[in-house]
Amino acid sequence: MKLSDSALAVLKNFSNINSGVVLKPGKVQKTISPEKSILVEAELDDITSHEFGIYDLNQFLGNVTTLNDPELTFDDNVVHMDDGTMNLRYFACPPELVITPPSKDLILKHPEVSFDLPNSILTKLVRLGGMNSLPNLSFIGEENELYGVVHEKNNDTSNSARTHLGKWKGEDFTATFVTDNLKLIPDDYHVEIKLGAFAKFVAVNKKLVYHIALMTK
């Protein structure tokens, strides 16, 4: 099989969350950050019929992209990458060497907050947060309005940027994330938040779901 451009993009995103991954048989692949604050689930074309541990995902992807659209053939402990002129053997690592998501699905029950978040707004907020070294992104519902804010939560005199996201009909709330945890592939998202716990970001145009922990202090 060959990795599609979309699969490569998702696996590259995985590598930004966890340096390793354990690929599973079937269409669903998952990863989790070492701190357990980000869990992402993606539906891709079948990659392997075997469980296959990759200790250094960036290295693995670098080999794939350096070769010319190689054919990948997975065995129990090795994948052969063949582009017609060169064949690379890449060995699996034991799955226990990689931090992996729990086998049980993470389910968000009874979210108190839900809204749609356009990619253009999310991208701008995260970019402004990075440029201004702002560690937090908050979604705030107040006085029947919904806002997205990048700021430093515990510093009222820090730079900040705020954008209006629409009307809000529920009780006032603030849901704050570590900006660096918002490592989402560009897309429009539907967001559901369980206050005091975590949020679920569901991509509108891709089969991709992120679960991201909220700051609790």
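My aim in this report is to walk through the structure given alongside it, one point at a time. (Residues numbered from 1 in each chain as written. Predicted model: local features only at pLDDT ≥ 70, side-chain atom pairs only at ≥ 80, totals over all residues. Heavy atoms only, no water.)

### Thoughts on the sheet that holds strand 15 (residues 208–213)
Taking strand neighbours across the sheet as the criterion, the six strands line up as 2-3-15-14-13-8 in an open arrangement whose pairing is antiparallel. Here the strands that pair on one side only, and so sit at the sheet edges, are strand 2 (28–32) and strand 8 (113–117). Neighbour to neighbour, the strand axes of the sheet diverge by 15° on average, direction disregarded. Judged from the six bridges that link them, strand 13 (residues 189–194) and strand 14 (residues 198–203) form a sheet pairing that is antiparallel. Each residue of the ladder has a partner; that of Val191, found in strand 14, is Phe201. (Pairing = 2+ DSSP bridges. Helix = DSSP H or I, 4+ residues; strand = E, 2+ residues; numbered from the N terminus. Axes fitted to C-alpha atoms, helices over the stretch in contact; angles between N-to-C directions.)

### A closer look at helix 3 (residues 119–131)
Quick reminder: α-helices carry 3.6 residues per turn. Residues three or four places apart thus point the same way. Compared with the 18 Å implied by 1.5 Å per residue over 13 residues, the 18 Å span of helix 3 between its first and last C-alpha is a close match. Three or more residues of helix 3 are buried, namely Leu122, Leu125 and Gly129. Looking down the long axis of helix 3, one finds its buried residues gathered within 65° of arc, a one-sided arrangement. Residues of helix 3 that are exposed and angled more than 90 degrees away from the buried face: Ser120, Lys124, Arg127, Gly130 and Met131. Residues of helix 3 that are buried sit in contact with strand 8, strand 9 (136–142), strand 10 (145–151), strand 11 (161–167) and strand 13. Following helix 3 by one or two positions, Ser133 adopts a phi angle in the positive range, close to 55°. (Expected span 1.5 Å × (residues − 1). Buried < 20%, exposed > 50% of the residue type's maximum accessible area, 1.4 Å probe, protein only. Arc of directions from axis to C-beta. Contact = heavy atoms within 4.5 Å.)

### With respect to the side chain of Gln29
Relative to the helices and strands, Gln29 resides in strand 2. For Gln29, a relative accessible area of 1% puts it in the buried group. In this structure the side chain of Gln29 is engaged in a polar contact, spanning 2.7 Å, whose partner is the backbone oxygen of Lys24. Dropping the residues within four chain positions of it, Gln29 is found in contact with Phe14, Val22, Leu23, Lys24, Val40, Glu41, Ala42, Leu44 and Ile47. (Polar contact = N/O pair within 3.5 Å; in protein donor to acceptor, adjacent residues only side chain to side chain.)

### Overview of the packing of aromatic side chains
With the rule as written, the count across this model stands at eight aromatic pairs. When the centroid spacing of 5.1 Å and the interplanar angle of 65° are considered together, the rings of Trp168 and Phe173 count as edge-to-face. Assigned by exposure class, Trp168 and Phe173 land together as buried. Ring centres 6.4 Å apart and planes at 75° place the aromatic pair Tyr189 and Phe201 in the edge-to-face group. Placement of the pair is Tyr189 in strand 13 and Phe201 in strand 14, with a sequence separation of twelve residues. Following the ring pairs from residue to residue traces out a cluster consisting of Phe115, Phe139, Phe177, Tyr189, Phe201 and Tyr210. Sitting over the ring of Tyr147, Arg162 keeps its end group 4.6 Å from the ring centre. (Phe/Tyr/Trp six-rings, centres within 6.5 Å; stacked < 30°, edge-to-face > 60°. Lys NZ or Arg CZ within 6 Å of the ring centre and 35° of its normal.)

Everything listed here is a matter of coordinates, which is why it stays silent on function.
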